[in-house]
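Structural description and commentary
This is what each chain is made of:
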Amino acid sequence: MAIVAATPDSIARAAEALARGEVVAFPTETVYGLGANALDVAAVAKVFAAKARPRFNPLIVHVPGEAEAESYAVVNDTARKLMRAFWPGPLSLVLPRRTDCAIADLVSAGLDTVALRAPSNAVARALLQAAKMPIAAPSANRSQRVSPTTATHVAAELGDLPAMILDGGPCALGLESTVLGVAGDKVTLLRPGALPREEIENVLGHSLATPKTGAELVSPGQMEVHYAPDTPLRLDATSPHKGEALLAFGPDAPEFSPMINLSPRGDLGEAAANFFAALRELDALGARAIAVMPVPGRGLGEAINDRLRRAAALRTGDGWQMPEAVVSGTDAP
Ligand code: TXA
Ligand code: MG
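Here goes a summary of the coordinates provided. (Residues numbered from 1 in each chain as written. Chains lettered and ligands numbered in written order. Predicted model: local features only at pLDDT ≥ 70, side-chain atom pairs only at ≥ 80, totals over all residues. Heavy atoms only, no water.)

1. Points about the packing of helix H8 (residues 268–283) against helix H9 (residues 301–312)
- The interhelical angle for the contact between H8 and H9, taken along N-to-C directions, is 30°, at an axis separation of 9 Å. On the basis of their axis angle, the class for H8 and H9 is roughly parallel. Crossing geometry of H8 relative to H9 is assigned as left-handed. Contacts between H8 and H9 involve Leu268, Ala271, Ala272, Phe275 and Phe276 from the former and Gly301, Ile304, Arg307 and Leu308 from the latter.
- Of the residues belonging to the contact of H8 with H9, the class tally is seven nonpolar, one polar and one charged. (Axes fitted to C-alpha atoms, helices over the stretch in contact; angles between N-to-C directions. Helix = DSSP H or I, 4+ residues; strand = E, 2+ residues; numbered from the N terminus. Parallel < 35°, antiparallel > 145°, perpendicular 65-115°, else oblique. Left-handed = near helix turned anticlockwise from the far one by under 90°. Contact = heavy atoms within 4.5 Å. Nonpolar A, V, L, I, M, F, W, Y, C, P; charged D, E, K, R; others polar.)

This is the structure we're talking about:
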C-alpha cells in the first residue's frame, strides 16, 4: 500500500519522487491532489494517464504564492487583489501564460492560459517548499468520479498508480477550489468551489460574470459528467423511497435508514466537508438510488449544488445531458 503518513521525512521523499518525474498524491485543504512536476511534460502525461483524463481538460498548478505565480503568468491588478485577499487558500486563478512560461503546454491543454493556486494545507505547503517546483495536480480520482477527501479514497480510486500517497488526514474544506477566469478587470466564475462567491464579490465590489456555454465554453472540464457515483442520484427529494439511500441535510431530515445527514444543524461548511465522503459511503451500499434532500444555494451551497447536478448528469459518451426526471426530482414512486 502506497499510503504514508505525512512527516518531514516522507514529504522529502515525495519531493524526490516528483523530481524523478513520478506522480505523488498529497492532501490540500480542498481535496487530495495527484501531483506531478508541472515543468516536466512526461510527468504531466502520467497524471492524465493515471486518471484517464481527456487531454483537452487542463490541470491546476500549485505554487507557494504570488511571487511564483508572477514567473509563469501575467498577473494584473485584479488578479493581484484576489491573491492578496485569498491566498493561500481555495482559489484558483486562470491567467494568461507568460510568453516565457516554463510550465508544460500539456498542463494548459494547449490553451494560452494557466490555472494557478496557492494551497493553505500545511502538508501541501511543505511539499511545495521541499520540491521547489510548480506542482500540477488535479483531484486524485479517476476522471468523472467522486473526488477524494482522505488518503484511503485516493487508494480506492488509483491503487498503486501514485508512487506515494501522503496521508495528511481528512481535507478541512472537502470541495475543490473555486476557479475564476481573470481577463482585465472582468472576473468570471468558471467553477463554484470552496471559496463562496459572496466573499469574492465583497472584495471585488461587483458581481462575478457567468461563463458562456456551448462552443465558447472557456473551462473545458466544466462540460463533463463529474463527481459521479455508480448509484443514480435523485435530486430535490422531499422523502426517500423504499430501496433508496438518503443523503440528508439539516434538522428537518426524516427518520430513515440508510441515511447520512451532511449537517444535522444545517451548517453548509460542515456539509461541504462531509459531502464527497458521504456520497462515496452511500454509493457503496448498492441502493436503487441515492435520494438527495434540497441544499440551500447560498454560500458553499452553490458549489454543493453544482457537484450534485454534475453527479446526476447522464453519461452519454460525448458530453453530458441532464435527465429531466432526476433534475426535477419528481417524488412519484
Ligand atoms: O481544489 C482543487 O482545485 C483541486 C486540488 C487538488 O487543488 N484540484 C482540482 O483540479 O480540482 P481538477 O483538475 O480536478 O480541476 C481543474 C479545473 C477543471 O474544471 C479545469 O477545466 C479547470 O480547472 N481549468 C484548469 N486550467 C484551466 C484553464 N487554463 N482554463 C480554464 N479552465 C481551467
Ligand atoms: Mg477533479
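2. Here's the deal with the sheet that holds strand S11 (residues 233–234)
- Judged by pairing direction, the sheet is parallel, and its four strands sit side by side in the order S11-S14-S12-S13 without closing on themselves. The sheet terminates laterally at S11 and strand S13 (259–261), the two strands that pair on one side only.
- Relative to strand S14 (residues 290–292), strand S12 (residues 245–248) is paired through three bridges, and the arrangement is parallel. Of the residues in S14, the one forming a bridge with Ala245 is Ile290.
- Sitting on the sheet, H8 is in contact with S11, S12, S13 and S14, with an inclination near 170° to S12. (Pairing = 2+ DSSP bridges.)

3. Let's talk about the pairing of S12
- Here S12 shows two buried faces, one formed by Ala245 and Leu247 and the other by Leu246 and Ala248.
- As paired strands, S12 and S13 are joined by three bridges and run parallel to one another. Its bridge partner lying in S13, Leu247 is registered against Ile260. (Buried < 20%, exposed > 50% of the residue type's maximum accessible area, 1.4 Å probe, protein only.)

4. Considering the packing of aromatic side chains
- Inspection of the entire model under this criterion finds two aromatic pairs.
- Each ring, one from Tyr227 and one from Phe276, has its centre 5.7 Å from the other, and the planes form 25°; the classification is stacked. Here Phe276 lies in helix H8 and Tyr227 lies in the loop between helix H7 (197–204) and S11, a separation of 49 residues in the sequence. Of the two residues, Tyr227 and Phe276, both sit in the buried class.
- Their ring planes at 55° and their centres at 5.2 Å tell us that Phe275 and Phe276 sit as a pair that is tilted. You'll find Phe275 and Phe276 in the same group, each marked buried.
- Among the aromatic residues, ring-to-ring pairing joins Tyr227, Phe275 and Phe276 into one connected group. (Phe/Tyr/Trp six-rings, centres within 6.5 Å; stacked < 30°, edge-to-face > 60°.)

5. Topic: the nonpolar core
- Of all hydrophobic cores here, the largest spans 52 residues; its most connected members are Leu82, Leu93 and Leu116.
- The dominant element in this core, judged by the number of residues it contributes, is helix H2 (residues 41–51), at six residues.
- Core analysis: the next-biggest nonpolar cluster, separate from the first, contains 30 residues, Ala271, Phe275, Ala287 and Ala303 among them. (Core = buried A, V, L, I, M, F, W, Y, C linked by side-chain atoms within 4.5 Å.)

6. Quick notes on the sheet that holds strand S3 (residues 33–37)
- Strand order in the open sheet formed by 10 strands is S1-S8-S2-S3-S7-S4-S6-S5-S9-S10, with mixed pairing between adjacent strands. Every interior strand has two partners, whereas the edge strands, strand S1 (3–5) and strand S10 (186–191), have only one.
- Note that S1 and strand S8 (residues 164–167) share three bridges and pair parallel. Considered in S8, the bridge of Ala5 is made with Asp167.
- In this fold helix H1 (residues 8–19) packs onto S1, strand S2 (24–26), S3, strand S7 (135–136) and S8, with an angle of close to 145° to the strand it touches most, S8.

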